[in-house]
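# Structural features, examined
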Amino acid sequence: MLGRELVRGATTWNAAEEVCDKAIIHTRFGGPEVLELAQVPKPTPKDGEVLVKVHATTVTTAECKMRRGEPLWGRLILGLRRPRRKLRTLGLELAGEIEAVGKDVRRFQPGDQVFGFTGFDIGAYAEYKCLPETASLALKPVNKTYEEAVAAVDGATTALFFLRDKAKVRTGQKVLVNGASGSVGTYAVQLAKSFGAEVTGVCGPHHTDLVKSLGADDVIDYTTEDFTANTAAYDVVFDTIGRNSFARCKGSLTEHGCYVPTSGLNNNVLQLWTSIRGGRKVVTGMSVRKNDALAYIKQLLEADTLRIVIDRSYPLERIVEAHRYVDTGHKSGNVVITVAQTGLPGGRDPTLTRPTT
């Protein structure tokens with residue numbers, strides 16, 4: 001095994017006496033190489049919690065930023081000089097099986113196949129994850145694999161939240177999706193079309209065919225055309241990558257159009273200001289509580305009316321390679337991580353590292 005004892009915070013646990021599982025940890029901020037495969041104690045669900053045996057997770061741009069400790073103001077939460085202990089295992093999306101439940105759990109039972117979002121309780125880069133039964137979890141679509149289901153968690157629900165709930169997209173409107181080939185963008189194109197909108201997608205030259213196949217009425221290659229410089233006007237500009245601003249996009253909006261970014265503290269201030277002033281406005285928010293959205297997306301997936309785009313898939317042991325690929329900024333759709341049982345029978349997997357205190 002790993003030795004007689006491993007130190008974990010201010011306490012110790014005996015590796016020979018407790019069941020262990022694998023997790024990806026990072027004890028410092030930096031590039032993909034800071035990620036390490038470690039053996040950690042298997043969690044036990046508390047009252048009101050469920051234990052999920054994770055079959056699949058993803059690598060998102062958000063997690064890559066957290067790994068780097070970005071933005072700098074975010075270190076107030078992540079940790080000033082190094083990641084806080086509770087935030088050393090990343091992972092926002094998961095799909096797996098309920099292995100055990102705590103006292104008084106009613107929503108789920110052992111054996112349920114689920115998919116969901118950890119939210120602020122990150123940690124899906126592991127073989128097991130405990131979450132409150134009230135967390136953003138839903139039964140997995142019966143016709144999708146774990147890998148497919150996990151790729152439809154945050155991207156699809158985030159697109160749904162901003163387009164349906166915040167921008168209230170409706171039939172006849174013109175919607176532009178900036179970053180149409182990404183995780184959020186690929187779902188945004190499809191959902192906006194399903195709401196009856198005319199959709200323009202903005203992406204790189206290698207992804208134009210993909211975006212067209214998802215239903216976009218028009219596709220703009222950002223390397224040859226700046227949509228903010230043409231004369232077209234849109235009811236909604238959905239900025240999924242945050243590389244624009246309300247100031248730049250204002251001229252691309254109709255008289256009462258809205259700029260909908262998925263991030264940016266300054267956008268919260270602009271939302272308040274533009275709502276008071278009237279006319280073109282900023283509409284933003286935080287897509288964290290996803291229970292209802294997951295149920296809606298589940299229905300679409302089971303009806304095969306929503307396409308899942310998976311760019312690449314890696315095993316957990318190749319998490320560094322997966323992060324390095326996402327860092328290029330050129331992924332399309334989702335990058336999936338399969339969390340498989342590996343290791344040497346009765347011994348230590350040579351790729352494992354001990355958790356750093």
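Scroll up to find the structure this text is about.
Residues numbered from 1 in each chain as written. Predicted model: local features only at pLDDT ≥ 70, side-chain atom pairs only at ≥ 80, totals over all residues. Heavy atoms only, no water.

## Structural notes on the overall build of the chain
Assigned secondary structure in the chain consists of ten helices and 17 strands. Looking at the chain residue by residue over its 357 residues, the buried ones come to 53%. Counting contacts in the chain only where the partners sit at least 6 residues apart, residues at least 24 apart contribute 68% of the total. Here the chain displays about 16500 Å² of accessible surface, and carbon together with sulfur accounts for 51% of that area. (Helix = DSSP H or I, 4+ residues; strand = E, 2+ residues; numbered from the N terminus. Buried < 20%, exposed > 50% of the residue type's maximum accessible area, 1.4 Å probe, protein only. Contact = heavy atoms within 4.5 Å. Areas by Shrake-Rupley, 256 points an atom, 1.4 Å probe, with all protein chains shown as cover.)

## Focus: the nonpolar core
V59, L163 and F238 are the most contacted members of the largest nonpolar core, which has 85 residues in total. Not counting residues within four places of it along the chain, the set of residues in contact with V59 comprises C64, Y125, I319, A322, H323, V326, K331, V335 and I337. Grouped together as the second largest cluster of nonpolar side chains are eleven residues, L176, V202, C249 and Y259 included. (Core = buried A, V, L, I, M, F, W, Y, C linked by side-chain atoms within 4.5 Å.)

## What to know about the pattern of salt bridges
Enumeration over the complete set of coordinates arrives at 13 salt bridges. Residue R164 is joined to D165 by a salt bridge in which the shortest nitrogen-to-oxygen separation is 2.8 Å. For R164, a relative accessible area of 32% puts it in the partly exposed group. With relative accessibility at 33%, the residue D165 sits in the partly exposed group. Note that R318 and E321 form a salt bridge whose closest N and O atoms lie 2.8 Å from each other. A residue is classified by how much of its surface remains accessible, and R318, at 38% relative accessible area, is partly exposed. (Salt bridge = Lys/Arg side-chain N within 4 Å of Asp/Glu carboxyl O.)

## So, helix α10 (residues 319-327)
Considered for burial, the residues of α10 that qualify are I319, A322, H323, Y325 and V326. Buried residues of α10 fall within an arc of 160 degrees about the axis and therefore sit on the same side. Where the residues of α10 are buried, they touch β3 (20-25), β5 (49-59), α1 (61-68), β16 (310-315) and β17 (334-338). (Arc of directions from axis to C-beta.)

## Let's talk about the sheet that holds strand β15 (residues 281-282)
Judged by pairing direction, the sheet is parallel, and its six strands sit side by side in the order β12-β11-β10-β13-β14-β15 without closing on themselves. Of all the strands in the sheet, just β12 (218-221) and β15 have a single pairing partner and so form its edges. With four bridges joining them, strand β11 (residues 198-203) and β12 adopt parallel strand pairing. Within β12, the position partnered with T200 by the bridge is D218. Across the sheet, helix α4 (residues 154-166) lies against β10 (174-178), β13 (234-239) and β14 (253-261), angled at about 155 degrees from β13, the strand it touches most. Lying over the sheet, helix α5 (residues 183-194) contacts β10, β11 and β13, oriented at roughly 170 degrees with respect to β10. (Pairing = 2+ DSSP bridges. Axes fitted to C-alpha atoms, helices over the stretch in contact; angles between N-to-C directions.)

## Comments concerning the environment of V150
Position of V150 among the secondary structure elements: in helix α3 (residues 146-150). Relative accessible area serves as the criterion here: at 0%, V150 is assigned to the buried category. Residues V150 and A56, spaced 94 residues apart in sequence, show a C-alpha to C-alpha distance of 6.5 Å. Beyond its immediate sequence surroundings of up to four residues, V150 is in contact with A56, T57, T58, E93, L94, A95 and V336.

## Comments concerning the environment of G204
Tracing the sequence through the fold places G204 in the loop between β11 and α6 (208-213). Judged by its relative accessible area of 10%, G204 is buried. Remark: the alpha-carbon pair of G204 and G179, spanning 25 residues in sequence, is separated by 8.5 Å. Ignoring anything within four residues of it in the chain, the contact list for G204 reads D221 and Y222.

## Considerations on the pairing of β3
Residues in a regular strand project their side chains so that they alternate between the two faces of the sheet. Taking burial as the measure, the six residues of β3 include six buried ones, the bulk of the element. Side chains C20, K22 and I24 project from β3 onto one buried face, and the interleaved D21, A23 and I25 project onto a second face that is buried too. Two strands pair when backbone bridges link them, and β3 and strand β4 (residues 36-41) are joined in this way by six bridges, in the antiparallel orientation. Note that in β4 the partner of D21 across the bridge is V40.

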